[in-house]
Amino acid sequence: MIKAIRGMRDLLPPETARWQWVEQVAREVFALYGYREIRLPLLERTELFARSIGADTDIVSKEMYSFPDRKGESLTLRPEATASVLRAVVENGLDKGGGVKKLYTLGPMFRYERPQKGRYRQFYQINGEAFGVDAPELDAEVILLLLDILQRLQLGEMRLLINSLGCPECQVKFKAALGLFLISREGLCEDCQRRRTTNALRVLDCKSVHCKEILKDAPVIRDYLCADCAAHFARVLELLRRFGVAYEDQPRLVRGLDYYTRTAFEVVAPGLGAQDAVAGGGRYDGLSQQLGGPALPGLGFAIGQDRLLEVLPRELLGRDREYKVFLVALGEAAKEKCLNLLQKLRENNLATEMDFGNRSLKAQISQADRLGAACVIIIGEMELKDGKAQIREMATAYQQPVPFNEVPDHVKWLKDKTLAETNV
Ligand SMILES: [Zn+2]
Ligand SMILES: [Zn+2]
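Everything numeric in this text was worked out from a predicted model, so none of it was measured. (Residues numbered from 1 in each chain as written. Chains lettered and ligands numbered in written order. Predicted model: local features only at pLDDT ≥ 70, side-chain atom pairs only at ≥ 80, totals over all residues. Heavy atoms only, no water.)

1. Describing the overall build of the protein chain
Then, in step 1: Secondary structure assignment for the protein chain yields 15 helices and 16 strands.
Then, in step 2: Over its C-alpha trace the protein chain gives a radius of gyration of 28 Å, far above what one expects of a compact globule, namely 22 Å for 424 residues.
Then, in step 3: Long-range contacts, defined as pairs at least 24 residues apart, comprise 70% of the intrachain contacts of the protein chain with a sequence gap of at least 6.
Then, in step 4: Carbon and sulfur atoms form 52% of the exposed surface of the protein chain, whose accessible area is close to 21,300 Å².
Then, in step 5: On the protein chain, the mean spot of the 60 positive side-chain charges and the mean spot of the 58 negative ones are 2 Å from each other. (Helix = DSSP H or I, 4+ residues; strand = E, 2+ residues; numbered from the N terminus. Rg over C-alpha atoms; globule rule 2.2 N^0.38 Å. Contact = heavy atoms within 4.5 Å. Areas by Shrake-Rupley, 256 points an atom, 1.4 Å probe, with all protein chains shown as cover. Lys, Arg positive; Asp, Glu negative; His and termini not counted. Charge placed at Lys NZ, Arg CZ, Asp CG, Glu CD.)

Here is the structure:
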């Protein structure tokens, strides 16, 4: 049988119930903060990512799924969402009219990385992006929003790491200082030897242990922030303290994308490898112009949904709250009766199933059990003659006959009773 592609996985029930729950909570919190959903194509022109994320980044140089379409144009399966959101905002004029614009999007991203625990080549992100304002209050609000989502999802222990990457002016000065530092260092990996002249900032997020060791003494951007950037960062931190957010000021934090300016942050959680943030983001004030658009400041974050689901407590999530009913038909005549009842129960908003395979009572009951049915309705020849169905509560095995026309009302009553009891 043909198999799925390496690094691409199927998400199966009942796990999908946890995914739905995470997405539902995220949508609710986004709405509280005034974010509305945007849905985007998975394919974009390769240029969009090369110009935004940066040609020297690992993502663009090694990890993108790019291919020519039938007319020879290079297309790429999106490796992240921010560039696409920004493209869509400008292309559709959503940036017009001033003020802050807030959007969120959920969906798969694609990167050709080495598959490992919690890392897939098709992975899922929850993205929030806000445009139009460069005020530090927006940075603080975006971080509060992110933490709000993660807290409501009951991600217990987590750490917020934060830094400022400065404006292009700060970055030019810092890059020069970093380049000078790197030029005399021996033992950098092959990539970094190249990067130190093409884009020294990228050396900072090299994953090689060797390079990390060398960088311990490297200059930090904090020492090169201009007065405006320093004040912006100080205000973000002040607001975080005001709202009781514990953060760790990390002068060496960088992100794996070129477009970040000023505030950059990550949320890490125990249970994932050191490099595996559960969420990250930052400000990208120059990105729109880099893509040929108008001046449009913005910032955002991405939650790695696959990794998040790895670390969320399993027992708290995806409890299937649905009350399920299963119809057991014994014989052809009973099956006809059950078919009618099946639709009747669904009309009454009762999740109901039956098996059409004419199997034995035992086989059908065990299937009901596998499906997690709370209530089983049994109809055989005897029941047809009496005009009553046997209704069995699976939890207690208590069974009683109920006239056919009273079955929907009786099951509804049972459902209310059961849900009330389990809610206590
Ligand atoms: Zn600056
Ligand atoms: Zn390196």
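2. A closer look at the coordination of the zinc ion (ligand 2)
Then, in step 1: Protein ligation of the zinc ion (ligand 2) involves C189 (SG), C192 (SG), C206 (SG) and C211 (SG), the donor distances falling in the range 2.2 to 2.4 Å.
Then, in step 2: One can describe the donor arrangement at the zinc ion (ligand 2) as tetrahedral, given that its four donor atoms subtend angles of 104 to 114° at the metal.
Then, in step 3: In the primary structure, the donors to the zinc ion (ligand 2) are separated according to the pattern C-x2-C-x13-C-x4-C. For the pair C206 and C211, a shared accessibility class is recorded, and that class is buried. (Donors = N, O, S within 2.8 Å, 3.2 Å for Na, K, Ca; no water. Tetrahedral: all angles 85-135°; square planar, octahedral: opposite > 155°, others 65-115°. Buried < 20%, exposed > 50% of the residue type's maximum accessible area, 1.4 Å probe, protein only.)

3. Considerations on the nonpolar core
For soluble globular proteins, nonpolar side chains are generally found buried alongside one another.
Then, in step 1: Within the largest apolar cluster, 42 residues are counted, with the highest numbers of intra-cluster contacts made by F30, I149, F265, V278, F301, I303 and L308.
Then, in step 2: Once residues within four sequence positions are removed from consideration, F301 is found in contact with F30, I126, N127, G128, E129, V142, L145, L146, I149, F265, G280 and G281.
Then, in step 3: The next biggest cluster of nonpolar side chains, apart from the first, holds 27 residues, and it includes I38, F49, L257 and L287. (Core = buried A, V, L, I, M, F, W, Y, C linked by side-chain atoms within 4.5 Å.)

4. Some details on the coordination of the zinc ion (ligand 1)
Then, in step 1: Coordination of the zinc ion (ligand 1) by the protein comes from C167 (SG), C170 (SG), C226 (SG) and C229 (SG), over a distance range of 2.2 to 2.3 Å.
Then, in step 2: Here the zinc ion (ligand 1) is ringed by four donor atoms whose angles at the metal span 103 to 122°, and the overall shape comes out tetrahedral.
Then, in step 3: In the primary structure, the donors to the zinc ion (ligand 1) are separated according to the pattern C-x2-C-x55-C-x2-C. On the criterion of sequence distance, the pair formed by C170 in helix α6 (residues 168–183) and C229 in helix α9 (residues 227–242) is long-range, its members being 59 residues apart.

5. A short note on the sheet that holds strand β11 (residues 298–304)
Then, in step 1: With mixed pairing, the eight strands of this open sheet are ordered in space as β1-β5-β6-β11-β10-β9-β7-β8. Looking at which strands have only one partner, the edges of the open sheet turn out to be β1 (36–37) and β8 (247–249).
Then, in step 2: As paired strands, strand β10 (residues 277–283) and β11 are joined by five bridges and run antiparallel to one another. Residue pairing across strands places A279 opposite I303, the latter belonging to β11.
Then, in step 3: The sheet strands contacting helix α5 (residues 136–152) are β5 (101–110), β6 (122–131), β7 (159–164), β9 (261–268), β10 and β11, and the helix crosses β11 at an angle near 15°. (Pairing = 2+ DSSP bridges. Axes fitted to C-alpha atoms, helices over the stretch in contact; angles between N-to-C directions.)

6. Quick word on the pattern of salt bridges
Then, in step 1: In this structure the tally under the stated criterion is 32 salt bridges.
Then, in step 2: Among the salt bridges present, the one from E91 reaches R87, with a minimum N-O distance of 2.8 Å. Here R87 and E91 lie together in helix α4 (residues 82–91), a separation of four residues that amounts to about one turn.
Then, in step 3: Relative accessible area serves as the criterion here: at 57%, E91 is assigned to the exposed category. (Salt bridge = Lys/Arg side-chain N within 4 Å of Asp/Glu carboxyl O.)

7. Thoughts on the side chain of E393
Then, in step 1: Mapped onto the elements, E393 comes out in strand β15 (residues 388–393).
Then, in step 2: A relative accessible area of 14% means that E393 is categorised as buried.
Then, in step 3: Ignoring anything within four residues of it in the chain, the contact list for E393 reads A374, Y398, L414 and K417.

8. What to know about empty space enclosed by the protein
Then, in step 1: A complete count under the given rule lists one cavity of 30 Å³ or more for this structure.
Then, in step 2: Approximately 100 Å³ is the volume attributed to the largest cavity.
Then, in step 3: Among the residues making up the lining of the largest cavity, the classes are represented as six nonpolar, one polar and three charged. (1 Å grid on protein atoms, 1.4 Å probe; cavity = no way out; pocket = protein on both sides within 12 Å on 5 of 7 lines; lining within 4 Å. Points joined across faces, edges and corners; volume = space filled by probe spheres on them. Nonpolar A, V, L, I, M, F, W, Y, C, P; charged D, E, K, R; others polar.)

9. Describing the packing of aromatic side chains
Then, in step 1: Overall, the coordinates contain nine aromatic pairs when judged by the stated rule.
Then, in step 2: Plain terms: the ring middles of F174 and Y224 are 5.7 Å apart, the flat faces sit at 50° to each other, and that makes the pair tilted. A residue pair is termed long-range when its members are at least 10 positions apart, and F174 in helix α6 and Y224 in the loop between α8 (209–215) and α9 qualify at 50 residues.
Then, in step 3: Aromatic side chains Y259 and Y284 sit 5.8 Å apart centroid to centroid with 80° between the ring planes, which places their arrangement in the edge-to-face category. Highlighted residues: Y259 in the loop between β8 and β9 and Y284 in the loop between β10 and α10 (287–290), separated in sequence by 25 residues.
Then, in step 4: Using a relative accessible area of 2% as the deciding quantity, one classes Y259 as buried. (Phe/Tyr/Trp six-rings, centres within 6.5 Å; stacked < 30°, edge-to-face > 60°.)

10. Here we look at the sheet that holds strand β4 (residues 74–77)
Then, in step 1: Spatially, three strands are ordered β2-β4-β3 in an open sheet, and the strand pairing comes out antiparallel. With partners counted over all chains shown, the strands left at the sheet margins are β2 (43–45) and β3 (65–68), one partner each. Here the strands of the sheet are splayed against their neighbours by 35° on average, with no regard to which way each runs.

11. Remarks on the environment of T197
Then, in step 1: By the element assignment, T197 lies in helix α7 (residues 190–198).
Then, in step 2: A C-alpha to C-alpha distance of 21 Å links T197 and Q290, two positions 93 residues apart in sequence.
Then, in step 3: Looking at T197, its side chain comes within polar contact range of the main-chain oxygen of R194, at 3.0 Å. (Polar contact = N/O pair within 3.5 Å; in protein donor to acceptor, adjacent residues only side chain to side chain.)

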